[in-house]
Amino acid sequence: MSAPASVAPRGVARGERVGDGLDAVMRVVEAPMAALQRLIGVARMPYIFILPNMVLFTIFVFVPVGLAIAYAFTGGTNLLIWDRPYVGLENFKALLDCGNYLEPSTCRYNLFWTAVHNTWWYTLLNTLGTLFFALMTALVLNRLTWGRGFFRAVFFYPVLLSPVVVGLVWQWFLAREGLLNGFLTEWFDTRIIFLLEVGWSRAWVVYVSIWFHMGFYMLIILAGLQAIPRDIYEAAQIDGTSQWRQFWCLTLPLLMPNLLVVTVLLLIRSVQVFDEAWVLTNGGGPGTANTFIVQFIYQTAFSPDLRLYGLASAASVLMGIGLLILTLSQLWLAKKAEV
Amino acid sequence: MIAFLTRTRQRGRMDLTDWLAWGWAILGTLVVAIPVTWAVISSLKTEAEINSFPPALVPRAAQTITVEGQAKPLSVWVRKAPDGSEQTVALVRRIGLSATVVDPAKPAETFRVPVSELSQLKEFHLQWSNYTEPLKQFNFLRYLWNTVFVTVVATALTLFLNSLTAFALSKYRFAGRSAVFALILSTMMIPLSVIMVPAFMVIVGLNLADNLWGVILSTVSTPTGVFLLRQYMLTIPDDLIEAARVDAASEFRIYWRIVLPLCAPALAVLAIFSVIWRWNDFLWPLIVLSSPDNYTLQIGLNSLQGQFNVQWHYILAMTVVTLLPVTVVFLFLQKYITEGVASSGVK
C-alpha cells in the first residue's frame, strides 16, 4: 500500500542532480520506514523519528555530564572511568587549597588561581567593553538614514571568522614587523612587542575579543532598538524633549530587558574564553598572563605530561556551577522581559 | 553642496549627532577592515619582504635582471655616488660593508662600492607561490579535504536528523513530548568546556579518537537546529498532513515529501549556520584529532604556527584560504545570516 519506490511520483520540476541523488537515498530509507510503521503503528512513529538525535544527545551530552561529576571524584592518570580510583573530595580540596584567594602564589595549584584571576578580569573588561561598543554601534546604525545594511554587515563580519583566523590575523598585525609597529616607528620612533608584554598582551586579548564578537551583540541590541515604536519619539519631540534626555529617559529604559539578556550572555561566553586568546597569545603567554580557566582544564587534562583528568573535571564542575548560576539568571531575565 | 544634499531628507539638516554617527560608522569600518586587509596583502609578499621592516603597504619584490656572464639573475640597485650622480647597477655579491656590482650595460666590468651608496629597486609583485607551496609542502590539501568532508557530512546529518526530530516534536502528540523538548533545549546550557574530559572518554570508548567521525557525530545534534526547525514547522498547517494520510502516504513520506520542502527557508538558515560552525570549529577537533593526517584546517593552521619557525608568508596565505569560503558565503547571504541571528539569537 504505502509507497514502494516504484510508485513514487516524479517530483515537480526536480531536475537537479543533487535532488535526484537525495531522492534515490530516501527511496531506500522510505520502504523500511513504511514497513516499520505497519509493524508498530502510526502512534509510535514519532519515537522512531526522535531516536537518532536522542541517542546522539545521550552519548555526547547526557552521559558526559554525569561522568564529569564522577570524574571529579577520582584520581590517577587513567582515562577510562572504571580504571580510576575513588578519591572523594580530594580534587576539590586540592584546587581550593589556598592561603589567600586573592594571591595565587599562596595556593597549591597556583596556575588554577592565576587562571581564575585572569578570567575574572577578562570577563569584567570584555563584558563592559563589548556592551559599550555594541550599544554605541547599534545606536549609530539605528540612526543612519541610509547605508545601514552595509555597515551592519561590516560590523557583523568578524563574528563569522574562525578563532584561529582571528588570532593569526591579529598576531600578524601586532607582530614585531607588523603594521602597527610600522606606524609607531614612523610617528613615534619606537617599537613595542605587544604580545610579549604582560599589560599590553592582556589589553590586546580583550580588544581582539571585542573586535571578534561585538557584531553579534550589536545585532541583538539593534533588533531591540528597532522594536521600540517610533511614535514615542515623535510625542517626545512635540514636547520638546532634548535628544540626550530622549536617550536616557526613553531608549535606555525600553532597551533595558534586552541589555540585561545581552550582559548575561556576554558573562557566560566570557567565562569560557579560550580559542582566540590561545591562538593570539601562543598558548596563554607571556608566561601565564593570559591563561584562562578553560585553558587550565584543557592543559591539565590533555598535556601529555599531566593527564590529571580528575583535577581537570573538578575545575570543570566548579566552572559549570558558575555558568549554571549565570544561565539560570539569564532564563529568569528572559522570562521577565517577555512578561 | 552638503546643505543641498541634506535638505532633501525628511529629517532636515545633518546635526552634530549625525556627523558623529557617520564618523563612528566609518571609523569602525576601518577598524574591522584594516587587520584583515593587511593579512591579505601580506600573504602576497615574498619571504624577504615580509620580514623587512618598516613594512611596505603594497606587495613588492626585488627587481632582477639577467646580466651576460652571470649565472643567476641579479638584483637591481641604484647607486648614488659621492659626487651625486646616480647609476643603475646589478649586485653580484656582497661582503660586509662593500659590494661587488656590475653595470648591466657593460657586463664585463665589475667594481666594488660601499653598501651605503646602494639602495634596492623594487617593483610591484604578487607572490602567488605562497598559496601553491604549502599545498605541496605541508599536507595542506589534506587539511582542506578533511575540513570539507567534516563540514559537508556534518551539515547533511544535522539537517536530516534535526528536522526529523523537529517533525516529531511539532506534528505529533505523544507521551513525553514536552519532556523531550525541554531535555533537548537544556543541552544548550551545557558548554563543551564543562564536559571536555568525559566527552573525550566517550570518544575513546567508541574507538573514534583521532577519527573524523568522532568530530562529526558529536556535533550533529544541535539544540538550536531542533528549535529553529520546530518553530518553523509549527506554522505548517496540519490539514496538509491529514490530507496526505488520507492518500495513504506513510509518515516518513509525509515528512520527506510535504513537510521538508515547505521548511526550505528554515533549512537554508540552519545549513548556512552549520557550515560556518563546522568550518570554524576549534576546541573539539583539537581534543579529538591527534595525527596530522586527520587535522582539519583550523587545527593544521594552529599547529603550523608553532611548528616551523614562523613562516608568516605561508601561514598568512593559508589563513586567507581559511577565511575565504566564509567571506564568500557572507557576501552572498549576509541578509539571511544577519536576519537569522537577529531573529533567533543564535550564533
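All values reported here derive from a predicted model rather than from experimental measurement.

A closer look at the overall build of chain B
At step 1: In terms of helices and strands, chain B carries 15 helices and eight strands.
At step 2: Since a compact globule built from 347 residues should have a radius of gyration of about 20 Å, the 30 Å found for chain B marks it as more spread out than a globular shape.
At step 3: Seen along its three principal axes, the alpha-carbon backbone of chain B occupies a region of about 100 × 70 × 40 Å.
At step 4: Taking all contacts inside chain B whose residues are at least 6 apart in sequence as the whole, residues at least 24 apart take part in 64%.

Examining the overall build of chain A
At step 1: Looking only at helices and strands, chain A has 13 helices and zero strands in total.
At step 2: A compact globule built from 339 residues should have a C-alpha radius of gyration of about 20 Å, whereas chain A, at 27 Å, is more than 25% larger.
At step 3: Each principal axis of the C-alpha distribution contributes one length, and for chain A these read about 80 × 70 × 45 Å.
At step 4: Considering only intrachain contacts with a sequence separation of at least 6, the fraction spanning at least 24 residues in chain A is 64%.

Considering the packing of helix α5 (residues 140-171) of chain B against helix α8 (residues 212-220) of chain B
Residues and elements named next belong to chain B.
At step 1: Axis separation between α5 and α8 bottoms out at 9 Å; the angle between their running directions is 30°. If you check the angle between α5 and α8, you find them roughly parallel. Judged by the twist between their axes, the crossing of α5 over α8 is right-handed. Along the contact surface, α5 presents N146, F149, V150, V153, A154, L157, T158 and L161, while α8 presents L212, V215, I216, T219 and V220.
At step 2: A per-class count over the contact of α5 with α8 returns ten nonpolar, three polar and no charged.

Side note on helix α6 (residues 177-186) of chain B
At step 1: Burial in α6(B) covers these residues: V180(B), F181(B) and I184(B). Viewed end-on, α6(B) has its buried residues packed into an arc of 100°, placing them on one side of the element. Opposite its buried face, α6(B) presents the exposed residues S178(B), A179(B) and A182(B), each directed more than 90 degrees away.
At step 2: Tucked into the core, α6(B) has its buried residues touching α2 (45-72) of chain A together with α5 and α9 (223-233) of chain B.

Considerations on the interface of chain A and chain B
At step 1: With 83 residues of chain A at the interface, the matching set in chain B holds 77 residues.
At step 2: In terms of residue count, α2(A) provides more of the side of chain A that touches chain B than any other element does, 18 residues in total.
At step 3: For the side of chain A that touches chain B, the class distribution of residues is 63 nonpolar, 14 polar and six charged.

Some remarks on the domain arrangement of chain B
At step 1: Along its sequence, chain B is organised into domain 1 (2-42), domain 2 (64-120) and domain 3 (131-344).
At step 2: The straight-line distance from the C-alpha centre of domain 1 of chain B to that of domain 3 of chain B is 36 Å.

Examining the pairing of strand β5 (residues 98-102) of chain B
Residues and elements named next belong to chain B.
At step 1: Taken together, the five bridges between strand β4 (residues 86-95) and β5 define a ladder with antiparallel strand orientation. Within β5, the residue paired with A90 across the bridge is V102.
At step 2: Between the antiparallel neighbours β4 and β5 lie two residues, among them G96 with a positive phi of about 55°.
At step 3: With five bridges joining them, β5 and strand β6 (residues 110-114) adopt antiparallel strand pairing. Bridge pairing in β6 places S98 opposite P114.

A word on the environment of K136(B)
At step 1: You can see K136(B) is positioned in helix α4 (residues 129-137).
At step 2: Taking the C-alpha atoms as reference points, K136(B) and M201(B), 65 residues apart in sequence, are found 35 Å from one another.

Focus: the packing of helix α12 (residues 293-302) of chain A against helix α7 (residues 192-205) of chain B
At step 1: It is the contact of α12(A) with α7(B), at a shortest axis distance of 10 Å, that shows an interaxial angle of 5°. When the interaxial angle is binned, α12(A) and α7(B) end up roughly parallel. Each of V294(A), I297(A), Y298(A) and A301(A) in α12(A) lies in contact with α7(B), whose residues at this interface are S193(B), M196(B) and V197(B).
At step 2: The residue makeup of the contact of α12(A) with α7(B), split by class, is six nonpolar, one polar and no charged.

Things to note about helix α11 (residues 251-262) of chain B
Counting along an α-helix, one turn takes 3.6 residues, and residues three or four places apart therefore face a common direction.
At step 1: In this model, α11(B) (twelve residues) spans 16 Å end to end at C-alpha, consistent with the 16 Å of a helix rising 1.5 Å per residue.
At step 2: By the burial criterion, the buried members of α11(B) are E251(B), F252(B), R253(B), I254(B), Y255(B), W256(B) and V259(B).

Side note on the environment of L308(A)
At step 1: You can see L308(A) is positioned in the loop between α12 and α13 (309-338).
At step 2: Those residues within four positions of L308(A) in sequence are excluded, and the remaining contacts are T77(A), T300(A) and A301(A).

A look at the confidence of the model for chain A
At step 1: Per-residue pLDDT for chain A averages 87, and the proportion of residues at 70 or more is 94%.
At step 2: Within the model, the stretch residues 1-15 of chain A combines pLDDT values under 50 with 16 contacts to residues more than four positions away or in other chains.

Describing the confidence of the model for chain B
At step 1: When the pLDDT values of chain B are averaged, the result is 86; 94% of them are 70 or greater.
At step 2: Interface confidence for the predicted complex, expressed as ipTM, amounts to 0.85; the pTM equals 0.86.

Quick word on the environment of T147(B)
Residues and elements named next belong to chain B.
At step 1: Assignment of secondary structure puts T147 in helix α5.
At step 2: Looking at T147, the number of C-beta atoms within 10 Å reads 25, which means it is buried.
At step 3: Taking the C-alpha atoms as reference, T147 lies 14 Å from T219; in sequence the two are 72 residues apart.
At step 4: Beyond its immediate stretch of four places on either side in the chain, T147 contacts W279, T296 and L297.

Some points on unusual backbone geometry
It is generally the case that most residues other than glycine have a negative phi and that most peptide bonds are trans.
At step 1: One non-glycine residue, R307(A), lies in positive phi territory at about 55°.
At step 2: With respect to the helices and strands, the residue R307(A) is situated in the loop between α12 and α13.
At step 3: Judged by local crowding, R307(A) falls into the partly exposed class, with 16 C-beta atoms found within 10 Å.
At step 4: If you check the backbone angles, A248(B) has positive phi at about 65° while not being a glycine.
At step 5: Tracing the backbone shows A248(B) in the loop between α10 (238-246) and α11.

How each quantity is defined
- Residues numbered from 1 in each chain as written.
- Chains lettered and ligands numbered in written order.
- Predicted model: local features only at pLDDT ≥ 70, side-chain atom pairs only at ≥ 80, totals over all residues.
- Helix = DSSP H or I, 4+ residues; strand = E, 2+ residues; numbered from the N terminus.
- Rg over C-alpha atoms; globule rule 2.2 N^0.38 Å.
- Contact = placed C-beta atoms within 7 Å.
- Axes fitted to C-alpha atoms, helices over the stretch in contact; angles between N-to-C directions.
- Parallel < 35°, antiparallel > 145°, perpendicular 65-115°, else oblique.
- Left-handed = near helix turned anticlockwise from the far one by under 90°.
- Nonpolar A, V, L, I, M, F, W, Y, C, P; charged D, E, K, R; others polar.
- Buried ≥ 20, exposed ≤ 12 C-beta atoms within 10 Å, placed from the backbone.
- Arc of directions from axis to C-beta.
- Domains from an automatic or database assignment.
- Pairing = 2+ DSSP bridges.
- Expected span 1.5 Å × (residues − 1).
- pLDDT = per-residue confidence, 0-100.

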